[in-house]
Amino acid sequence: MVVFTQVEDVKITVPMDKCPDDLKSNILKYLNNLREEHSAPALTEDQGISNYSQKWANDLAERNGTDSDPNNKYMKEALILGDWRVDVKGPEFYPLFNTEGFMNNYLNIFGRESYPLYEQEPTAEQIAPYDPFTRIIWKSSEKVGIGCSAGYSSPTWSTVNIVLNFYPAGNVPGSFKDNVLKKK
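From a predicted model like this one, the values you see are computed outputs, not experimental measurements. (Residues numbered from 1 in each chain as written. Predicted model: local features only at pLDDT ≥ 70, side-chain atom pairs only at ≥ 80, totals over all residues. Heavy atoms only, no water.)

## Observations concerning the nonpolar core
One finds L31, Y115, I162 and L164 to be the most contacted residues of the largest nonpolar core, which totals 33 residues. Among the elements that line this core, the one with the most residues is helix α1 (residues 21–37), at 6 residues. (Core = buried A, V, L, I, M, F, W, Y, C linked by side-chain atoms within 4.5 Å. Buried < 20%, exposed > 50% of the residue type's maximum accessible area, 1.4 Å probe, protein only. Helix = DSSP H or I, 4+ residues; strand = E, 2+ residues; numbered from the N terminus.)

## Observations concerning the side chain of N165
Looking at where N165 falls in the secondary structure, it is placed in strand β6 (residues 157–167). Of the polar contacts made by the side chain of N165, one reaches the side chain of S53; its length is 2.8 Å. (Polar contact = N/O pair within 3.5 Å; in protein donor to acceptor, adjacent residues only side chain to side chain.)

## Some points on the pattern of salt bridges
With the rule as written, the count across this model stands at 6 salt bridges. The salt bridge involving K143 is made with D46; its shortest N-O contact spans 3.9 Å. Separated by 97 residues along the polypeptide, K143 in strand β5 (residues 143–154) and D46 in the loop between β2 (44–45) and α2 (47–63) bring together distant segments of the chain. Classification of D46 by relative accessible area gives partly exposed; the value is 22%. One network of salt bridges, in which partners are shared, links E37, R112, E113 and K183. (Salt bridge = Lys/Arg side-chain N within 4 Å of Asp/Glu carboxyl O.)

## Structural notes on the packing of aromatic side chains
Counting across every chain of the model gives 5 aromatic pairs. Plain terms: the ring middles of Y115 and F133 are 6.0 Å apart, the flat faces sit at 55° to each other, and that makes the pair tilted. Separated by 18 residues along the polypeptide, Y115 in the loop between α3 (99–109) and α4 (124–127) and F133 in helix α5 (residues 131–137) bring together distant segments of the chain. Note on Y115: relative accessible area 5%, which makes it buried. A connected cluster of aromatic rings, assembled from ring pairs, spans Y115, Y118, Y130 and F133. (Phe/Tyr/Trp six-rings, centres within 6.5 Å; stacked < 30°, edge-to-face > 60°.)

## With respect to the side chain of N32
Inspection of the secondary structure assignment puts N32 in helix α1. According to the relative accessible area criterion, N32 is buried, its value standing at 16%. Apart from residues no more than four positions distant in its own chain, N32 is found in contact with A42 and L43. (Contact = heavy atoms within 4.5 Å.)

Now the structure itself:
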């Protein structure tokens, strides 16, 4: 039986160009809860990889980008992008960010509840729709770098970018059967 670590809502300021420690902690708890469900060992955060991830998150925020870093040759990246509604009441207002809800909503799109290819060797075409989810639960990954950014999209909506880089890299062709395991 998997026992989940509580993930709390986090107050964050917008715009955000550095991932607050409490948000990084919640993201890491979320990732490790999900990995535990799939018999993958817990990740540890690597500060060097997090610095790299943060630079890319800042770049995404500056240009409203949604793409992976084309220069990232050594790690595999999962981008978690989305908007959340805030009611802007003044400069002192801190929107609450529900990490677990945000991540669940995003990853459900990418197969968190519907991934059909466990313990198989999918083709590149078969895996493409599930890419962020399988990167996160990739059993042999040991470290993660976490970067995040946010900015107002409009007076009532904010955009959040979460950049996760995993090491060793996941989603390696020929290794899915041993690294993408069914939910316990």
